[in-house]
Amino acid sequence: MPGLKSQGFQPSLYKVTSAGGFYIEVPTLKVKPSQTCPNCGHQKKKTLALREHHCEKCGYQCDRDVAAAMVMLMAARGMERTSTDDDEPASIYCGSFKQAAQMKRRKRVAQS
């Protein structure tokens, strides 16, 4: 994808994959994380000035950024609230920056 490297996504992709993790890109135009309730999946358009998520359908309330992060995590795990299957979510292993740093140190020691 053009322009991703300049936006800082490539180094994250490199670090995660070099540590043995998975990089999952959530299609935000389809998922609409900042407009979707993480509790019930109801979508409502909001202005950027509105910083709290208040679902008019189920009454769930939390910080808008936290709600968006929860929606993206559920989408990445394949367990969006709007899906009809009741399967257990698949576990996703994702390497941390600590693991990436350990791998980098091991590579430096091996090269010495």
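Before reading further, recall that the structure is shown in the block above.
Residue positions are counted from 1 within each chain, in the order its sequence is given. The predicted origin of the model limits local features to residues at a pLDDT of at least 70 and limits the giving and counting of side-chain atom pairs to 80 or more, whereas totals for whole chains, interfaces and linings rest on all residues. Hydrogens and waters are ignored; side-chain quantities use all the structure's heavy atoms.

K.L.:
It is not clear to me how the overall build of the chain should be interpreted in this structure. Could you clarify?
P.N.:
Helix and strand assignments follow DSSP, with helices taken as H or I runs no shorter than four residues and strands as E runs no shorter than two, numbered in order from the N terminus. When helices and strands are tallied, the chain shows four helices and two strands. When the helices and strands of the chain are placed in sequence order, the string is α-α-β-β-α-α. Exposure classes here rest on a 1.4 Å probe applied to the protein chains alone. A residue is buried below 20% of its type maximum, exposed above 50%, and partly exposed in between. By residue count, 22% of the 112 residues in the chain fall in the buried class. Throughout, a contact is declared for two residues whenever any of their heavy atoms are within 4.5 Å. For the chain, long-range pairs separated by at least 24 residues make up 42% of all intrachain contacts whose partners lie at least 6 apart in sequence. What sets the accessible areas is the Shrake-Rupley method with a 1.4 Å probe; for residues, cover comes only from the shown protein chains. Of the roughly 8,400 Å² of accessible surface on the chain, a fraction of 56% belongs to carbon and sulfur atoms.

K.L.:
Sorry, what's going on with the side chain of K46 here?
P.N.:
If you trace the backbone, K46 turns up in the loop between α2 (28-31) and β1 (52-54). E56 provides the closest opposite charge to the buried, unpaired K46, separated from it by 9.5 Å. The definition of a polar contact used here is a pair of N or O atoms within 3.5 Å, where within protein one atom must be able to donate a hydrogen and the other to accept one, and adjacent residues in sequence count solely through side-chain atom pairs. For K46, the side chain forms a polar contact with the main-chain oxygen of S34, separated by 3.3 Å. Engagement of the side chain of K46 in a polar contact is seen with the side chain of H53, the distance being 2.7 Å. Here the positive residues are Lys and Arg and the negative ones are Asp and Glu; neither His nor the chain ends is included. Each reported salt bridge corresponds to a side-chain nitrogen of Lys or Arg within 4 Å of a carboxyl oxygen of Asp or Glu.

K.L.:
Looking at this model, I keep getting lost on the pattern of salt bridges. Mind explaining?
P.N.:
One side chain can pair with another of opposite charge once the charged atoms of both are near each other. On inspection of all chains with the given rule, the structure shows two salt bridges. Note that E56 and K44 form a salt bridge whose closest N and O atoms lie 3.2 Å from each other. One end of the pair, E56, is in the loop between β1 and β2 (61-63); the other, K44, is in the loop between α2 and β1, and 12 residues separate them in sequence. The salt bridge partner of D65 is R51, with a shortest N-O separation of 2.9 Å. Placement of D65 in helix α3 (residues 64-77) and of R51 in the loop between α2 and β1 is noted, with a sequence separation of 14 residues between them. On the accessibility criterion, D65 (47% relative accessible area) is partly exposed.

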